[in-house]
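Observations on the three-dimensional arrangement
The lines below spell out each chain.
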Amino acid sequence: MKFRTGVLVGLVAALTAGCTLAGNDAEDGPATVTLVTHDSFAAPQQVLDAFQQQTGITINVVKKGDAGALTNTLVLTKANPIGDAAFGVDSTFASRALAEGVFAPYTSPEADRGPQRYAVDSEHRLSAVDLGDVCVNIDTTWFAERGIPEPATYDDLAKPEYKDLLVVENPATSSPGLAFLLGTIARYGEQNWQNYWTRLKDNGMRAVAGWEEAYGQDFSGSSGKGPRPVVVSYASSPAAEIGEDGKPRTKALLDTCFRQVEYAGVLAGSPNAANARKVIDFLLSQQFQATVAENMYVYPAREGVALPASWTTAAPLPQNPASLPAETVQAGRERWIEQWRSLLGQ
């Protein structure tokens, strides 16, 4: 979805007029900050250029797969960081990155405008940038055309009337796949989640490596027009599936959502930490936060940032998503993934 021209002009004007990004000073001279991120990172070039004009800092974006692959890369290179700052480590992997000492402490002056609600670390090594809650999505047209009631809950997905309809992602290789697994653990508990997945397996669930395959190839509600009308995706995904009538062709099942927050931080050991902090300030600023919905289909972490009008009905932010404490995820993540792989034969 293209960024609206009028809004973009306003954002650029705000940046070039000197919006507050703590410590920024164009007189510091030209500099480059390498931002290591996931493949889904997107920002209007004009907003990045305006930041460069104001601060003298050029952001060099280096993409390293999805959130899981990004985290693995950051951990493996922590002794010799491949960048100065990173964005895209999410709440399913944040505890690992923190335990491995990937990030340096930094409290942004922008962090108290909303991101503090999602803090996972008393040292403030990570600052929340956006929310990308993972939920089951359905192709509403598919169900309407066949006169089949839409599923609404986790339990519905295991019922015979929804046999062979669901596609999910492997939690060992996919961030939304891991979030969905964690959601089922939060819902059914340590003792019963495997029983639930056995029911899904027996009901014809399909598991694939990643979101691109699940959503873009297998899901009937996407442009790929695949064979399955139920997929694990994001609460915001229906905003990308607006029909010519202005209505979404898909919807998220809000009772199946797991809260996923994406974070940014300064990489420990970076020789360019001072400028990296300015990039973190920028990612939390009103100007950048106003771009995340229409460019990355996520919800801004900053309070008071307006969402596109269509999101009110197509992609409302889940009000009661499931979650698990970071320490619980850190303690159980690898064991749960191995149990899932054994159960599914992956």
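See the structure above.
Below, the structure is looked at part by part. (Residues numbered from 1 in each chain as written. Predicted model: local features only at pLDDT ≥ 70, side-chain atom pairs only at ≥ 80, totals over all residues. Heavy atoms only, no water.)

Details of the overall build of the chain
- Regarding its fold elements, the chain presents 13 helices and twelve strands.
- The C-alpha atoms of the chain give a radius of gyration of 20 Å, which matches the 20 Å a tight globule of 346 residues would have.
- With the C-alpha coordinates aligned to their principal axes, the bounding extent of the chain is approximately 65 × 45 × 30 Å.
- Here the chain contributes 28 positive and 39 negative side-chain charges, whose respective centroids are spaced 3 Å apart. (Helix = DSSP H or I, 4+ residues; strand = E, 2+ residues; numbered from the N terminus. Rg over C-alpha atoms; globule rule 2.2 N^0.38 Å. Lys, Arg positive; Asp, Glu negative; His and termini not counted. Charge placed at Lys NZ, Arg CZ, Asp CG, Glu CD.)

Some remarks on helix H7 (residues 193–202)
- Turning to H7, its buried residues are Trp 193, Tyr 196, Trp 197 and Leu 200. Considered in projection along H7, the buried side chains sweep an arc of 95 degrees and stay on one side of the axis.
- At its buried positions, H7 is contacted by strand S7 (166–169), helix H6 (175–188) and helix H13 (326–344).
- Backbone geometry just after H7 places Gly 204 at a positive phi near 85 degrees. (Buried < 20%, exposed > 50% of the residue type's maximum accessible area, 1.4 Å probe, protein only. Arc of directions from axis to C-beta. Contact = heavy atoms within 4.5 Å.)

A closer look at the environment of Arg 206
- Here Arg 206 shows up in strand S8 (residues 206–208).
- At 3.4 Å, the side chain of Arg 206 forms a polar contact with the side chain of Glu 213. (Polar contact = N/O pair within 3.5 Å; in protein donor to acceptor, adjacent residues only side chain to side chain.)

Some remarks on the nonpolar core
- Counting 63 residues, the largest nonpolar core has Leu 74, Phe 103, Trp 197 and Leu 200 as the members making the most contacts within it.
- Ranked by the residues each element gives to this core, the list is headed by H6, at seven residues.
- Discounting chain neighbours no more than four positions away, the residues touching Trp 197 are Val 168, Phe 180, Leu 181, Thr 184, Met 205, Trp 340, Leu 343 and Leu 344.
- Ala 43, Val 266, Val 279 and Leu 284 belong to the second-largest nonpolar core, a separate cluster that totals 28 residues. (Core = buried A, V, L, I, M, F, W, Y, C linked by side-chain atoms within 4.5 Å.)

Overview of the packing of H6 against H7
- With their axes 8 Å apart at the nearest point, H6 and H7 run at an angle of 120 degrees to one another. Between H6 and H7, the angle falls in the class oblique. Considering how the two elements wind past one another, H6 and H7 form a crossing that is right-handed. Only Trp 193, Tyr 196, Trp 197 and Leu 200 of H7 make contact with H6, whose side of the interface consists of Phe 180, Leu 181, Thr 184, Ile 185 and Tyr 188.
- In terms of residue class, the contact of H6 with H7 is built from eight nonpolar, one polar and no charged. (Axes fitted to C-alpha atoms, helices over the stretch in contact; angles between N-to-C directions. Parallel < 35°, antiparallel > 145°, perpendicular 65-115°, else oblique. Left-handed = near helix turned anticlockwise from the far one by under 90°. Nonpolar A, V, L, I, M, F, W, Y, C, P; charged D, E, K, R; others polar.)

Details of the pattern of salt bridges
- Summed over all chains, the structure comprises 17 salt bridges.
- Ionic pairing is found between Glu 241 and Arg 249, a salt bridge with its closest N-O pair at 3.1 Å.
- On the basis of relative accessibility, which here comes to 7%, the residue Glu 241 falls in the buried class.
- Close ionic contact of Arg 333 with Glu 334 constitutes a salt bridge, the shortest N to O distance being 3.4 Å.
- With relative accessibility at 2%, the residue Arg 333 sits in the buried group.
- Residues joined by salt bridges that share partners form a network here, namely Asp 155, Arg 187 and Arg 199. (Salt bridge = Lys/Arg side-chain N within 4 Å of Asp/Glu carboxyl O.)

Description of the side chain of Glu 110
- Tracing the chain through its elements places Glu 110 in the loop between strand S4 (103–104) and strand S5 (127–131).
- Engagement of the side chain of Glu 110 in a polar contact is seen with the side chain of Arg 302, the distance being 2.6 Å.

Thoughts on the packing of aromatic side chains
- If you walk through the whole model with that rule in mind, you get 17 aromatic pairs.
- Taking 6.1 Å as the distance between ring centres and 85 degrees as the angle between the ring planes, the aromatic pair formed by Tyr 154 and Tyr 196 counts as edge-to-face. Of this pair, Tyr 154 sits in the loop between helix H5 (140–146) and S7 while Tyr 196 sits in helix H7, and the two are 42 residues apart along the sequence. For the pair Tyr 154 and Tyr 196, one class covers both residues: buried.
- Here the aromatic cluster, defined as three or more aromatic residues joined through ring pairs, consists of Tyr 154, Phe 180, Tyr 188, Tyr 196, Trp 197 and Trp 340.
- Sitting above the plane of the Tyr 188 ring, Arg 187 keeps its charged end 4.6 Å from the centroid. (Phe/Tyr/Trp six-rings, centres within 6.5 Å; stacked < 30°, edge-to-face > 60°. Lys NZ or Arg CZ within 6 Å of the ring centre and 35° of its normal.)

Some points on the state of the cysteines
- Taken as a whole and judged by the stated rule, the model has one disulfide.
- One disulfide in the model links Cys 135 with Cys 257; its S-S distance is 2.0 Å. Handedness of the Cys 135-Cys 257 disulfide follows from its S-S torsion of about 110 degrees: it is right-handed. Taken as a pair, Cys 135 in strand S6 (residues 134–139) and Cys 257 in strand S10 (residues 250–258) lie far apart in primary sequence, 122 residues in all. Cys 257 shares its class with Cys 135; the two are buried. (Disulfide = S-S within 2.5 Å.)

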